[in-house]
Amino acid sequence: MFSNLSDKLDKAFHVLKGHGKITEINVAETLKEVRRALLDADVNFKIAKDFTAKVKDKAMGQDVLTTLQPGQLMVKLVKDELTELMGGDVAGINLSGAPTVILMSGLQGSGKTTFSGKLANYLQTKKGKKPLLVACDIYRPAAIQQLYVVGDSIGVEVYSEPENKNPVEIAQNAIKHAKANGFNVVIVDTAGRLAVDEEMMNEIERVHKAIQPQETLFVVDSMTGQDAVNTAKTFNDRLNFDGVILTKLDGDTRGGAALSIKSVVNKPIKFVGTGEKMEAIDVFYPDRMAERILG
Ligand code: GDP
């Protein structure tokens, strides 16, 4: 994960680490390399520029040139700034409501259905909840089938109405079913398209408005870099979602989505997906991720 970015940052600090005496030129050179590493990781230009400007200000404020271990101090400043960039504190999931309603949004192939299952499994095994999965994709019968396979594998009931072509009704009926049958979390998996289109956005907006979820989560494939960030912006403009789920972090993603998404939509990354199995879900900790990036 992020191996290219880690390597490049490591090289950037090499200049400072090797020197007993540091000059302002060394610091500037290091920050230039840091910026280049971020751009190579597909971080948006402005974000990368602001990032290094902030680190520079802090470095000067702490007088990095006169400290005994300027290399280490710079690594720490970059780590703190990376943590901040990815959201600072860990963001929890809101489990209020009776039942808690969670709406999943995102493009087809982003990992929505897989993540719906992972989240249900996590809430069932780690939080003692009784979740219900809801198949709200009215276009692809295969998607409904896929949710049943996922539900079966974790022992979670799936609600669907294959004949009903109204996703708002399906979601509302599912919540009624949950209330009547003792489910305390309802996870609504919605239809996704391969690209953002008006019809899909209208549909999910209608479902969102009708069921008023406690959590609206936007699922995005971390391999898609800046595209991920642009899609996040479009969904956020329409849904004002509560958090981001970054999937496929087990692949060697360059890191751009993880690093840019928070600054663009100002919503926290809540969980990450790290594989195809139901257990491959992690709460997102910005500081741990920063540490991992810096090796
Ligand atoms: P949806 O169309 O948004 O519901 O996406 P799916 O849940 O069907 O996922 C699309 C593909 O990505 C499937 O082959 C999943 O197994 C795979 N997938 C989902 N999440 C992850 C992940 O975190 N890591 C990896 N490696 N694959 C994932």
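The rules behind the values
Residues numbered from 1 in each chain as written. Predicted model: local features only at pLDDT ≥ 70, side-chain atom pairs only at ≥ 80, totals over all residues. Heavy atoms only, no water. UniProt positions renumbered as here; feature names shortened; annotations may be inferred. Helix = DSSP H or I, 4+ residues; strand = E, 2+ residues; numbered from the N terminus. Buried < 20%, exposed > 50% of the residue type's maximum accessible area, 1.4 Å probe, protein only. Contact = heavy atoms within 4.5 Å. Phe/Tyr/Trp six-rings, centres within 6.5 Å; stacked < 30°, edge-to-face > 60°. Pairing = 2+ DSSP bridges. Axes fitted to C-alpha atoms, helices over the stretch in contact; angles between N-to-C directions. Near = heavy atom within 4 Å. Polar contact = N/O pair within 3.5 Å; in protein donor to acceptor, adjacent residues only side chain to side chain. Areas by Shrake-Rupley, 256 points an atom, 1.4 Å probe, with all protein chains shown as cover. Nonpolar A, V, L, I, M, F, W, Y, C, P; charged D, E, K, R; others polar. Parallel < 35°, antiparallel > 145°, perpendicular 65-115°, else oblique. Left-handed = near helix turned anticlockwise from the far one by under 90°.

Per an unreviewed UniProt entry, the protein chain goes by the name Signal recognition particle protein and belongs to Flavobacterium keumense. Of the comments in the UniProt record for the protein chain, the one headed Function (unreviewed entry) reads "Involved in targeting and insertion of nascent membrane proteins into the cytoplasmic membrane. Binds to the hydrophobic signal sequence of the ribosome-nascent chain (RNC) as it emerges from the ribosomes. The SRP-RNC complex is then targeted to the cytoplasmic membrane where it interacts with the SRP receptor FtsY." We quote the UniProt Subunit (unreviewed entry) comment for the protein chain here in full: "Part of the signal recognition particle protein translocation system, which is composed of SRP and FtsY."

Draft legend 1. Looking closely at the overall build of the protein chain. Along its length, the protein chain carries 11 helices and eight strands. C-alpha extents for the protein chain along the principal axes are approximately 70 × 40 × 30 Å. Here the protein chain holds 295 residues, and the buried ones make up 53% of them. Sequence separation of at least 24 residues holds for 76% of the intrachain contacts in the protein chain that already meet a minimum separation of 6.

Draft legend 2. Structural view of the packing of aromatic side chains. The full count for this structure, using the stated rule, is four aromatic pairs. A ring pair is formed by tyrosine 122 and phenylalanine 271, whose centres lie 5.3 Å apart and whose planes are at 75°; its orientation type is edge-to-face. Taken together, the positions of tyrosine 122 in helix α5 (residues 112–126) and phenylalanine 271 in strand β7 (residues 269–273) put the pair 149 residues apart, joining distant regions of the chain. The exposure class of tyrosine 122 is buried, given its relative accessible area of 15%. Under the relative-accessibility criterion, phenylalanine 271 is labelled buried at 3%.

Draft legend 3. Spotlight on the sheet that holds strand β3 (residues 158–159). Strand order in this open sheet of eight strands is β3-β2-β4-β1-β5-β6-β7-β8, and the pairing throughout is mixed. Here the strands that pair on one side only, and so sit at the sheet edges, are β3 and β8 (281–283). Two strands pair when backbone bridges link them, and strand β2 (residues 131–136) and β3 are joined in this way by two bridges, in the parallel orientation. Along β3, the bridge assignment pairs valine 134 with tyrosine 159. Each of β1 (100–105) and β5 (215–221) is contacted by helix α9 (residues 225–239), which is oriented at about 160° to β5, the strand it contacts most.

Draft legend 4. Quick look at the site of the ligand. In the vicinity of the ligand there are 16 residues, among which Gly109, Thr113, Thr114, Asp250 and Glu276 approach most closely. In the environment of the ligand, an oxygen atom lies 3.4 Å from a nitrogen or oxygen atom belonging to the side chain of lysine 118. Here aspartate 250 contributes a side-chain N or O atom positioned 2.7 Å from a nitrogen atom of the ligand. Summarising the interface, the protein chains cover 79% of the accessible area of the ligand, which totals 580 Å² for the free molecule. The dominant element in the shell around the ligand, judged by the number of residues it contributes, is α5, at four residues. Its residues assigned to classes, the shell around the ligand shows one nonpolar, 10 polar and five charged.

Draft legend 5. Local environment of the packing of helix α8 (residues 198–211) against α9. It is at 10 Å that the axes of α8 and α9 come closest, and there the two elements cross at 45°. Classified by the angle their axes make, α8 and α9 are oblique. Classified by chirality, the crossing of α9 by α8 is right-handed. Along the contact surface, α8 presents Glu198, Met200, Met201, Asn202, Ile204, Glu205 and His208, while α9 presents Thr234, Phe235, Arg238 and Leu239.

Draft legend 6. Inspection of the packing of helix α4 (residues 70–85) against helix α11 (residues 286–294) at higher detail. Packing of α4 against α11 brings their axes to within 8 Å, and their N-to-C directions diverge by 135°. Taken together, the axis directions place α4 and α11 in an arrangement best described as oblique. Considering only the axes of α4 and α11, their crossing is right-handed. Seen from α4, the contacting residues are Val75, Val78, Lys79, Leu82 and Thr83; seen from α11, they are Pro286, Asp287, Ala290, Glu291, Ile293 and Leu294. Considered class by class, the residues forming the contact of α4 with α11 number seven nonpolar, one polar and three charged.

Draft legend 7. Broad picture of unusual backbone geometry. Residue proline 99 is bonded to the preceding alanine 98 through a cis peptide linkage, with omega at 0°. Of note, proline 99 is situated in the loop between α4 and β1. Of note, glutamine 212 is a non-glycine position whose phi angle comes to about 45°, a positive value. Looking at the secondary structure, you find glutamine 212 in the loop between α8 and β5. Residue glutamine 212 is classed as exposed on the basis of its relative accessible area, which comes to 58%. The backbone of lysine 248 sits at a positive phi, close to 60°, despite the residue not being glycine.

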